Amino acid sequence: MIWFIQWKTSAVLDYPNSRSLHTDPVPRIGGIGLLFGAISAWLTFSVLLPVSVWLSIGVLAGISIVDDICNVPAGYRLCVHMLVALGCSVVLLFDLHGWLLIIGVTLVVVWMSNLFNFMDGSDGLAGGMVFIGFGFYGLMAYLSGDINFAVANLSVAAAAFGFLLHNFHPARIFLGDVGAVPLGYLAAVMGLLGWLNELWSLWVPILIFSPFIVDATVTLIKRLARGEKIWRAHREHYYQRMVQSGLGHKNTALIGYGLMLMAGASAVWVNGQAMITQWVVAVIWGVIYLGLMLMADLGKKPYAGER
């Protein structure tokens, strides 16, 4: 990771602009080091994962590093994301489930891949979420007796922790698309694999990553409702507004960690409970997020670009 931090070639630097939350150029290829660490651990411990997952990570990392350097048009990137998600969904679900589920899962995987990219805009936030989220995946797989799947997820969490040492405020390196997109894909696919292997219910991955899912999804819906071009960079996510409100990068990340730890802990507890209990917990979290968003919206202050 140190080598990537010291690589100051202009093509790999993220230069601040009117929509950025950082003030100095920072390398945006940290995702290469994170993925290399995770995949190296998979190979070392002979982790068994579907071939489609390995191939998908390679394709997504490839198109993303090109985008980090050359700015690939959003339409081309989305087409690649769709094809990768569809191919993986067909391989994993075709024998046991119908096309309706395959289409639904494809859309979820595409959204999660891009969601992580949208939420990777504050020091330490995305890296911490990867560490916590995959840590919970690994813990639950271990508790369910699936050591192979536990190692697969804990390897990602360990690699994320190594990255986080350099990404926590003040960040010396960013994930970049090459890290955020494949990790968002993995968050969705590992959650799906855990469900297919009957390690957890579908509520578990949704609850664990709910801080990211809620922020990105609600922000997207609000921008669509206003007729804005959703692929353009902006500073309207709740976490971005928290940073600008005076909380700063560090406190915003710590609040995000606390929220995800609570959501993940509730996911661990609710797994295996009666379906009615799972619905009640989901509703409670929905009310919590609604309350937090209302508080933020009612007290919203304009950022520099709105004045």
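Preceding block: the structure.
This text gives an overview of the structure that appears in the document. (Residues numbered from 1 in each chain as written. Predicted model: local features only at pLDDT ≥ 70, side-chain atom pairs only at ≥ 80, totals over all residues. Heavy atoms only, no water.)

Let's shift gears to the nonpolar core. If you look at the biggest cluster of nonpolar residues, it comprises 77 residues, and the most contacted ones within it are Phe-116, Phe-134, Tyr-185 and Met-190. At 12 residues, the largest contribution of residues to this core is made by helix α8 (residues 177-196). Not counting chain neighbours up to four residues away, the residues in contact with Tyr-185 comprise Ser-52, Val-53, Ser-56, Ile-57, Leu-60, Val-84, Cys-88, Val-109 and Ser-113. (Core = buried A, V, L, I, M, F, W, Y, C linked by side-chain atoms within 4.5 Å. Buried < 20%, exposed > 50% of the residue type's maximum accessible area, 1.4 Å probe, protein only. Helix = DSSP H or I, 4+ residues; strand = E, 2+ residues; numbered from the N terminus. Contact = heavy atoms within 4.5 Å.)

Once that is clear, we can look at helix α10 (residues 210-225). Given a rise of 1.5 Å per residue, 16 residues ought to cover 22 Å, and the 22 Å separating the end C-alpha atoms of α10 matches this to within 8%. Those residues of α10 not exposed but buried are Ser-210, Pro-211, Phe-212, Asp-215, Ala-216, Thr-219, Leu-220 and Arg-223. Just downstream of α10, Gly-227 is the residue with a positive phi angle, here 75°. (Expected span 1.5 Å × (residues − 1).)

So, on to helix α12 (residues 275-298). Its 24 residues place the ends of α12 34 Å apart at the C-alpha level, agreeing with the 34 Å of an ideal helix rising 1.5 Å per residue. Within α12, the full set of buried residues consists of Gln-278, Val-281, Ala-282, Trp-285, Tyr-289 and Met-293. Turning to α12, the residues buried within the fold contact α9 (203-208), α10 and α11 (238-270).

With respect to the secondary-structure elements, His-237 resides in the loop between α10 and α11. Setting aside anything within four residues of it in sequence, one finds His-237 in contact with Phe-118, Met-119, Asp-215, Ala-216 and Thr-219.

This paragraph deals with the packing of aromatic side chains. Where two aromatic rings form a pair, the distance of their centres and the angle of their planes describe that pair. Taken as a whole, this structure holds 14 aromatic pairs when the rule is applied. Centre to centre, the rings of Phe-168 and Tyr-257 are 6.4 Å apart; their planes meet at 35°, and the pair counts as tilted. Linking Phe-168 in the loop between α7 (147-167) and α8 with Tyr-257 in helix α11, this pair joins segments that are 89 residues apart in sequence. Judged by relative accessible area, Tyr-257 falls into the buried class, the value being 12%. (Phe/Tyr/Trp six-rings, centres within 6.5 Å; stacked < 30°, edge-to-face > 60°.)

This next bit is on the packing of helix α5 (residues 99-119) against α8. α8 packs onto α5 with a crossing angle of 145° between their chain directions and a minimal axis gap of 7 Å. Crossing geometry of α5 relative to α8 is assigned as right-handed. On the side of α5, the interface is formed by Leu-101, Val-105, Val-109, Met-112, Ser-113, Phe-116 and Asn-117, while α8 contributes Asp-177, Ala-180, Val-181, Leu-183, Gly-184, Tyr-185, Ala-187, Ala-188, Val-189, Leu-192 and Trp-195. Split into classes, the residues belonging to the contact of α5 with α8 amount to 14 nonpolar, three polar and one charged. (Axes fitted to C-alpha atoms, helices over the stretch in contact; angles between N-to-C directions. Left-handed = near helix turned anticlockwise from the far one by under 90°. Nonpolar A, V, L, I, M, F, W, Y, C, P; charged D, E, K, R; others polar.)

As far as function goes, none of this settles anything; it's purely spatial.
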